[in-house]
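# Reading the structure
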Amino acid sequence: SVWTAVDAYTLSHLHPSTPNSEVLLHALKNSRDKGLPDIASYPVLGKFFAMQCRALRVKHALEIGTLGGYTSIWLASENPGLSVTTIEVNPHHREVAQQNLDHAGLADRVDSRLGPALNILPLLAKQIAAGEKPRLGFAYIDADKKNNWAYLDQVIGMCEAGAVIFVDNIVARGALVDEACFATDEMVAGARHVVENVGKDNRVEGVVLQTVGEKDYDGVLMVVVK
Ligand code: DHB
Ligand code: MG
């Protein structure tokens, strides 16, 4: 499609190296070979998130929904001073992610946790409060959509001022504003719930960026912590 042609052309000039790096291609292939669903992030979004971390000089990033570790590899490989905590509920996905992180030589900077994020987040909050880990400068929420708000609400409390949080799959080909979808689909309902709550929350401000590309028409909610 024209969308993927534009991504290919612009990346080839702006960033010819990392999207085709051996470690990212290995992560995608190993994830596919081990049966993980093809719903990872993609090069433009990976680069965009890595650049957010660079611009903000982020020391500690959080990801909810590791899948095969593709986005964690982007964040850590592009930012040498960055540590990532990443949470995955599916043991098989987490095992494949650990293989991919080991292969990328990033296992020392990416802390992969197995379990439901609703259980792991309070543990991480305690570690941050105790000074064992820095406060978060960046977070990416890309897990079960019905818990989007429950995750974001806790993550905000672990962030430093000025931190940026992205929530994936908000637009879902326009389902966000299609009543036939959001009345029945709990994923879409979860996207609306987080947008509506961010709008009412004085701790943060937010905006939705619509995206097109190899993952079709979607969008991310960007949240900045005041
Ligand atoms: C889908 C895409 C995603 O990025 C995700 O996190 C979950 C599901 C999908 O296309 O179904
Ligand atoms: Mg997603």
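Described below are features of the structure shown in this document. (Residues numbered from 1 in each chain as written. Chains lettered and ligands numbered in written order. Predicted model: local features only at pLDDT ≥ 70, side-chain atom pairs only at ≥ 80, totals over all residues.)

## Remarks on helix H6 (residues 117–129)
Between the first and last C-alpha of H6 there are 18 Å, a value that for 13 residues agrees with the 18 Å anticipated at 1.5 Å per step. Buried within H6 we find Ala-117, Leu-121, Leu-124 and Ile-128. Projection of H6 onto a plane perpendicular to its axis shows the buried side chains occupying an angular sector of 65°, all on one side. Every exposed residue of H6 that faces more than 90 degrees away from the buried side is listed here: Asn-119, Pro-122, Leu-123, Lys-126 and Ala-129. (Helix = DSSP H or I, 4+ residues; strand = E, 2+ residues; numbered from the N terminus. Expected span 1.5 Å × (residues − 1). Buried ≥ 20, exposed ≤ 12 C-beta atoms within 10 Å, placed from the backbone. Arc of directions from axis to C-beta.)

## Topic: the sheet that holds strand E6 (residues 204–211)
With respect to topology, seven strands assemble into an open sheet ordered E3-E2-E1-E4-E5-E7-E6, the strand pairing being mixed. With one partner strand each, in any of the chains shown, strand E3 (110–114) and E6 form the two edges of the open sheet. Put simply, the sheet's adjacent strands are angled 15° from each other on average, direction ignored. As defined by bridge partners, strand E1 (residues 60–64) adjoins strand E4 (residues 136–141) across four bridges and the pair is classed as parallel. Looking at E4, one finds that Leu-62 is bridged to Ala-139. Here helix H4 (residues 70–78) sits on the sheet in contact with E1, strand E2 (83–88), E3 and E4, set at roughly 175° to E2. Most of the contacts of helix H5 (residues 91–103) go to E3, to which it runs at about 165°, and overall it touches E2 and E3. (Pairing = 2+ DSSP bridges. Axes fitted to C-alpha atoms, helices over the stretch in contact; angles between N-to-C directions. Contact = placed C-beta atoms within 7 Å.)

## Brief notes about the environment of Gly-206
Examined against the element boundaries, Gly-206 turns out to sit in strand E6. Considering only alpha carbons, one finds Gly-206 and Phe-166, 40 residues apart in sequence, at a separation of 9.4 Å. Residues within four places of Gly-206 in sequence aside, it is in contact with Val-198, Leu-221, Met-222 and Val-223.

## Brief notes about the site of ligand 1
Residues in contact with ligand 1, as listed here, are Ile-39, Asp-142, Asp-168 and Asn-169. Of the residues in the shell around ligand 1, the class split is one nonpolar, one polar and two charged. (Near = placed C-beta within 6 Å. Nonpolar A, V, L, I, M, F, W, Y, C, P; charged D, E, K, R; others polar.)

## Observations regarding helix H3 (residues 43–55)
End to end, H3 covers 18 Å across 13 residues, agreeing with the expected 18 Å (1.5 Å per residue, within 8%). Along H3, the residues that are buried comprise Val-44, Leu-45, Gly-46, Phe-49, Ala-50 and Cys-53. The inward-facing, buried residues of H3 contact helix H1 (2–14), E1, H4, E4 and strand E5 (159–167). Count one or two residues on from H3 and you reach Arg-57, which has phi positive near 55°.

## Let's talk about the pairing of E2
Summarising burial for E2: five of the six residues are buried, a large majority. Taken together, E1, H4 and E2 form a β-α-β motif whose crossover is right-handed. Sheet topology note: the E2/E3 ladder contains five bridges and is parallel. Among the inter-strand pairings, Val-84 is bridged to a residue of E3, identified as Val-110. In this fold, E2 hands off to H5, which returns the chain to E3; that crossover is right-handed. (Right-handed = clockwise from strand over helix to strand, strands pointing away.)

## Here's the deal with the packing of helix H2 (residues 22–33) against H5
Packing of H2 against H5 leaves a shortest axis separation of 9 Å and a crossing angle of 160°. Classed by the angle they form, the pair H2 and H5 counts as roughly antiparallel. For the crossing formed where H2 meets H5, the hand is right-handed. Contacts between H2 and H5 involve Val-23, His-26, Ala-27, Asn-30 and Ser-31 from the former and Val-96, Gln-99, Asn-100 and His-103 from the latter. By residue class, the composition of the contact of H2 with H5 is three nonpolar, six polar and no charged. (Parallel < 35°, antiparallel > 145°, perpendicular 65-115°, else oblique. Left-handed = near helix turned anticlockwise from the far one by under 90°.)

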